[in-house]
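Overview (structure and organization)
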Amino acid sequence: MNNEQLNAALPPKTCTIDRLITVPADVNKALEGKKTATRRNGRYADIGEIMILENQKFRIDDVYQQTLGELTDEDAQREGFPNLEDYKQSILAMHPGMPWAAKMKVWVHEFSKIDS
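Here the residue numbers are simple positions, counted from 1 along each chain's written sequence. A pLDDT threshold of at least 70 governs which residues receive local features in this predicted model, and a stricter bar of 80 or more applies before side-chain atom pairs are shown or counted, although totals over entire chains, interfaces and linings include all residues. Calculation of side-chain values draws on the structure's entire complement of heavy atoms; hydrogens and water are dropped beforehand.

**Description of the sheet that holds strand β3 (residues 56-67)**
Quick reminder of the rule: Pairs of strands are assigned from DSSP output, requiring at least two bridges between the strands. Secondary structure elements are defined from DSSP: runs of H or I of at least 4 residues count as helices, runs of E of at least 2 residues count as strands, and each element is numbered from the N terminus. Axis lines are fitted to C-alpha atoms, over the contacting stretch for helices. Their N-to-C directions set the angle, which ranges from 0 to 180 degrees.
The sheet built from four strands is open, its strands ordered β1-β4-β3-β2 with antiparallel pairing. At either margin of the open sheet sits one strand with a lone partner, and together these are β1 (37-40) and β2 (50-53). Averaged over all adjacent pairs, the angle separating strand axes in this sheet is 40 degrees, with direction ignored. When β1 meets strand β4 (residues 105-113), the two strands line up antiparallel, connected through four bridges. Looking at β4, one finds that Arg40 is bridged to Trp107.

Take a look at the structure:
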């Protein structure tokens, strides 16, 4: 399947790609190659779409759903954290009062830097 067919199988986006990564520390992690995925409660990008962070282009390679209970240390490392517990504590600090519910679904957006 091509990107257009893959995107057609997904529900509509709930936000725009320019809102995908906005936290300065996360922007820096992406620019340094330490962050290659981000999770959101909605779908912010299509597969193949281009995200620009500080004049650097990143291609969205995959978009899919995952539950918080499915996350692994490897997933947290793709988010730029050493392990799942550090990632979890960071998310909970950003969203006071939010429970970390294993069944809660999030949208995973995997991306890669496009070399100029």
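From this point on, the discussion continues.
**Some words on the pairing of β4**
Bridge analysis of β3 against β4 gives nine bridges, and the strand direction is antiparallel. Bridge pairing links Arg59 to Ser112 in β4.

**Comments concerning the environment of Asp61**
Test applied: Contact definition: two residues touch when any of their heavy atoms are within 4.5 Å.
Checked against the element boundaries, Asp61 lands in strand β3. With eleven residues separating them in the primary sequence, Asp61 and Ile50 have C-alpha atoms 9.6 Å apart. Leave out the neighbours within four places in its chain, and Asp61 touches Ile47, Glu110, Phe111 and Ser112.

**A few points about the layout of surface pockets**
Where we set the bar: Here a cavity means grid points, on a 1 Å grid over the protein atoms only, where a 1.4 Å probe fits yet cannot get out; a pocket means an open set of points with protein on both sides within 12 Å along at least five of seven lines; lining residues are those with an atom within 4 Å of a point. Grid points are joined across faces, edges and corners, and a volume is the space filled by probe spheres set on the points. As a working rule, the residues Ala, Val, Leu, Ile, Met, Phe, Trp, Tyr, Cys and Pro are called nonpolar, Asp, Glu, Lys and Arg charged, and the rest polar, with Gly in that last group.
One number sums up the size of the largest pocket: a volume of about 430 Å³. Taken together, 22 residues form the lining of the largest pocket, with Arg39, Arg40, Asn41, Ile91 and His95 sitting closest to its centre. Only β1 and α4 (84-94) provide two or more residues apiece to the lining of the largest pocket. In terms of residue count, α4 provides more of the lining of the largest pocket than any other element does, four residues in total. Tallied by class, residues from the lining of the largest pocket come to eleven nonpolar, five polar and six charged.

**Re helix α2 (residues 24-31)**
We apply this condition: Each residue is assigned to one of three classes by its accessible area relative to the maximum for its type, calculated with a 1.4 Å probe on protein chains only: buried under 20%, partly exposed between the two thresholds, exposed over 50%. Taken from the helix axis, the directions to the C-beta atoms give the arc we talk about.
If you check which residues of α2 are buried, you get Asp26, Val27, Lys29 and Ala30. Taken down its axis, α2 places every buried residue within 160 degrees of arc, on the same side. The positive-phi residue at the C-terminal boundary of α2 is Gly33, with phi of around 80 degrees.

**Here we look at the pairing of β3**
Two elements, β2 and β3, share four bridges in a ladder whose sense is antiparallel. Residue pairing across strands places Leu53 opposite Gln56, the latter belonging to β3. Hairpin connection between β2 and β3: a loop of two residues separates the two successive antiparallel strands, and Glu54 in this loop has a positive phi of roughly 50 degrees.

**What to know about the environment of Pro12**
Summarising the element assignment, Pro12 is placed in the loop between α1 (3-8) and α2. What makes Pro12 exposed here is its relative accessible area of 67%. Measuring from C-alpha to C-alpha, the distance between Pro12 and Leu68 comes to 21 Å, with 56 residues separating the pair along the chain.

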